[in-house]
Amino acid sequence: MNALHDHAQSRDGMAPEPSADAPVRLPPIRVRTGAGEVAGFLRETGGARNGGFVPLTFPIRWMALPALSGLILQLIGGDFLPVHETQSFAYERELRVEADYVLSVEVRRTAKPPRLTLKMDVSSGQGEICAQLETVLRIVPLNLEPAS
Amino acid sequence: MIEAGMEPAPPDWPRVGDEIRGQSFGPFAREALARYAAVSGDDNPLHLDPSAARAAGLPGPPVHGMLILSCFEPLIVRWRRDLFIARLSGKFLRPVLAGEGIRVSGRVVRRRDVPRPELTLRLIARAQNNDLAILGEATVLYKISGPLS
C-alpha cells in the first residue's frame with residue numbers, strides 16, 4: 001500500500017505498540033486539500049471534469065502520511081508486502097479544495113487471515129464527518145530470491 | 001451538505017437494468033504508475049519495481065488498484081452530471097499489469113425514489129484480456145443543488 005519507503009519516518013513515537021488483533025488508534029491528524037495536490041491527483045486519475053473539486057478517491061493519499069504509513073509497516077513487519085484487497089469510500093459531503101480536515105484513524109491487524117483493516121474518518125474542523133474510508137490490505141510474504 | 005431528497009426524481013431518472021456505457025483508460029505505462037505514485041503517495045515497490053513484483057509472485061508490476069478504482073468517478077460523471085456519489089467500493093480481484101489498459105462500465109441494479117432519489121450501480125473494470133479486475137458498487141443520489149461543475 002502506501003509509502004512503504006517511509007519506514008524510517010515512522011519512528012516518531014506517535015504509533016502505539018500494537019498487540020495481536022487489537023485496534024490501534026492514532027491521534028487526530030490535521031490535513032489540507034491543497035490545490036496543487038488536488039490538481040496533480042486529478043490529472044493522473046482520468047478526471048473528466050474541470051478542476052475545482054476534490055476527486056472522490058483523493059483521501060487515499062493521506063494513507064501515505066508518515067504517521068500512518070509507518071504504522072502500517074510496523075504492523076506488517078519485514079519481508080511482507082501489503083496488497084490492496086478492498087476499498088470503500090462513503091461521503092456525507094464533498095470535500096472542498098483548500099480546506100482543512102481532521103483524520104481519525106484506526107488500524108487493526110488480524111492473523112487469520114493475515115490482513116490489515118484501516119478505518120479513516122475525515123471530519124471538518126467543526127467536527128462534522130465528511131467521509132469515511134475503509135481499506136483492507138492482504139499481507140503477502142515476499143519470496144526473496146538469493147542474490148546471484 | 002449535499003441537498004438530496006427534497007425533490008422527486010427527474011423524468012429521465014435511470015431504471016434498473018440501464019447500462020452505463022463503457023469507457024477505456026490507459027494503457028498505463030510504468031511512467032504513469034510512477035506519476036500516480038507521486039501524486040497519491042502510494043510508492044509500494046510492488047507497483048514500481050519489477051523485482052518486488054516478482055517476489056510477490058507477479059510477472060511484472062501491477063497497476064495500482066486505486067488508480068483503476070479512481071476511473072469509476074469519471075465514468076459516472078460522464079454518464080450523468082446530476083449525481084452525488086455517496087458511496088464507492090471495490091474489490092480488487094485480479095492485477096492489471098503495467099502497460100495494459102482497462103475498460104470500466106456499469107449498470108443500475110437498484111432504484112429508490114423515496115425518501116430520496118437514489119441508485120445503486122454495479123461497476124466493473126476489466127483488463128485487456130477481459131479478466132475482471134475490480135468488482136465495484138456505487139450509491140449515487142440525485143443532486144438537486146445543480147450540476148457538478
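Residues numbered from 1 in each chain as written. Chains lettered and ligands numbered in written order. Predicted model: local features only at pLDDT ≥ 70, side-chain atom pairs only at ≥ 80, totals over all residues.

This brings us to the overall build of chain A. Each helix and strand counted, chain A has 2 helices and 6 strands in total. Ordered by position from the N terminus, the helices and strands of chain A form the series β-β-α-α-β-β-β-β. Going through the 148 residues of chain A one by one, you find that 34% of them count as buried. Expressed as a percentage of contacts within chain A between residues at least 6 apart in sequence, the contacts between residues at least 24 apart total 72%. (Helix = DSSP H or I, 4+ residues; strand = E, 2+ residues; numbered from the N terminus. Buried ≥ 20, exposed ≤ 12 C-beta atoms within 10 Å, placed from the backbone. Contact = placed C-beta atoms within 7 Å.)

As a further point, take the packing of helix α1 (residues 35–44) of chain A against helix α1 (residues 30–40) of chain B. Where α1(A) contacts α1(B), the axes come no closer than 9 Å and their chain directions differ by 150 degrees. Between α1(A) and α1(B), the angle falls in the class roughly antiparallel. Crossing hand, α1(A) versus α1(B): left-handed. Together, A:G40, A:F41 and A:E44 of α1(A) and B:R35, B:Y36, B:V39 and B:S40 of α1(B) make up the contact between the two elements. Its residues placed into classes, the contact of α1(A) with α1(B) shows 3 nonpolar, 2 polar and 2 charged. (Axes fitted to C-alpha atoms, helices over the stretch in contact; angles between N-to-C directions. Parallel < 35°, antiparallel > 145°, perpendicular 65-115°, else oblique. Left-handed = near helix turned anticlockwise from the far one by under 90°. Nonpolar A, V, L, I, M, F, W, Y, C, P; charged D, E, K, R; others polar.)

A separate point is α1(B). Among all positions of α1(B), only B:L33, B:Y36, B:A37, B:V39 and B:S40 are buried. In the core, the buried residues of α1(B) are packed alongside α1 of chain A together with α2 (45–48) and α4 (65–70) of chain B. Note on α1(B): the residue one or two positions beyond its end, B:G41, has a positive phi of about 80 degrees.

All right, on to the confidence of the model for chain A then. Across chain A, the average pLDDT comes to 83, with 80% of residues at 70 or higher. Here residues 1–18 of chain A is modelled with pLDDT under 50, and outside its nearest four sequence neighbours on either side it reaches 51 contacts, counting other chains as well. (pLDDT = per-residue confidence, 0-100.)

Moving on, we get to the nonpolar core. B:I68, B:F72 and B:I102 are the most contacted members of the largest nonpolar core, which totals 65 residues. Sequence-distant contacts of B:I102, that is, excluding residues within four places in its chain, are made with B:F25, B:G26, B:I68, B:C71, B:V96, B:A125, B:R126, B:A127 and B:A133. (Core = buried A, V, L, I, M, F, W, Y, C linked by C-beta atoms within 7 Å.)

What follows covers helix α5 (residues 72–79) of chain B. Those residues of α5(B) that sit buried are B:F72, B:E73, B:P74, B:L75 and B:I76. The elements touched by buried residues of α5(B) are β1 (19–25), α4, β2 (83–92), β3 (102–112), β4 (118–127) and β5 (132–142) of chain B.

All right, on to the pairing of β4(B) then. Residue and element names in this part refer to chain B. Strand direction decides the pairing type here: β3 and β4, joined by 10 bridges, are antiparallel. Residue R110 lies in a different strand from β4, and its bridge partner there is T120. Counted along the chain from β3 to the antiparallel partner β4, the turn is 5 residues long. (Pairing = 2+ DSSP bridges.)

Our focus in this paragraph is unusual backbone geometry. Of note, the bond from A:K112 into A:P113 is cis; its omega dihedral lies within 30 degrees of zero at -5 degrees. Mapped onto the elements of the fold, A:P113 is located in the loop between β4 (100–110) and β5 (115–124). Along the chain, B:G26 connects to B:P27 via a cis peptide bond; the corresponding omega equals 5 degrees. When you line up the elements, B:P27 lands in the loop between β1 and α1. Of note in this structure, A:D79 is not a glycine but carries a positive phi near 65 degrees. In this fold, A:D79 is placed in the loop between α2 (66–76) and β3 (80–91). Of note in this structure, B:N130 is not a glycine but carries a positive phi near 75 degrees.

Let's shift gears to the environment of A:G77. Residues and elements named next belong to chain A. Inspection of the secondary structure puts G77 in the loop between α2 and β3. Residue G77 is classed as exposed on the basis of its C-beta count, with 10 C-beta atoms lying within 10 Å. Taking the C-alpha atoms as reference points, G77 and I139, 62 residues apart in sequence, are found 9.5 Å from one another.

The next point concerns the confidence of the model for chain B. All names here are of chain B. Across chain B, pLDDT averages 91, with 93% of residues at or above 70. This stretch, residues 1–5, has a pLDDT under 50; its non-local contacts, to residues over four places away or in other chains, come to 17 contacts. This complex was scored by the predictor with a pTM of 0.87 and an ipTM of 0.91.

By the element assignment, B:R21 lies in strand β1. Sequence spacing of B:R21 and B:A32 is 11 residues, and the spatial spacing of their C-alpha atoms is 25 Å.

Moving on: the environment of A:I29. Residues and elements named next belong to chain A. Inspection of the secondary structure assignment puts I29 in strand β2 (residues 29–32). On the basis of neighbour counts, which here come to 17 C-beta atoms within 10 Å, the residue I29 falls in the partly exposed class. The spatial distance from the C-alpha of I29 to the C-alpha of A67 is 8.6 Å, given a sequence separation of 38 residues. In contact with I29, other than residues within four places in its own chain, are L65, A67, L103 and V105.

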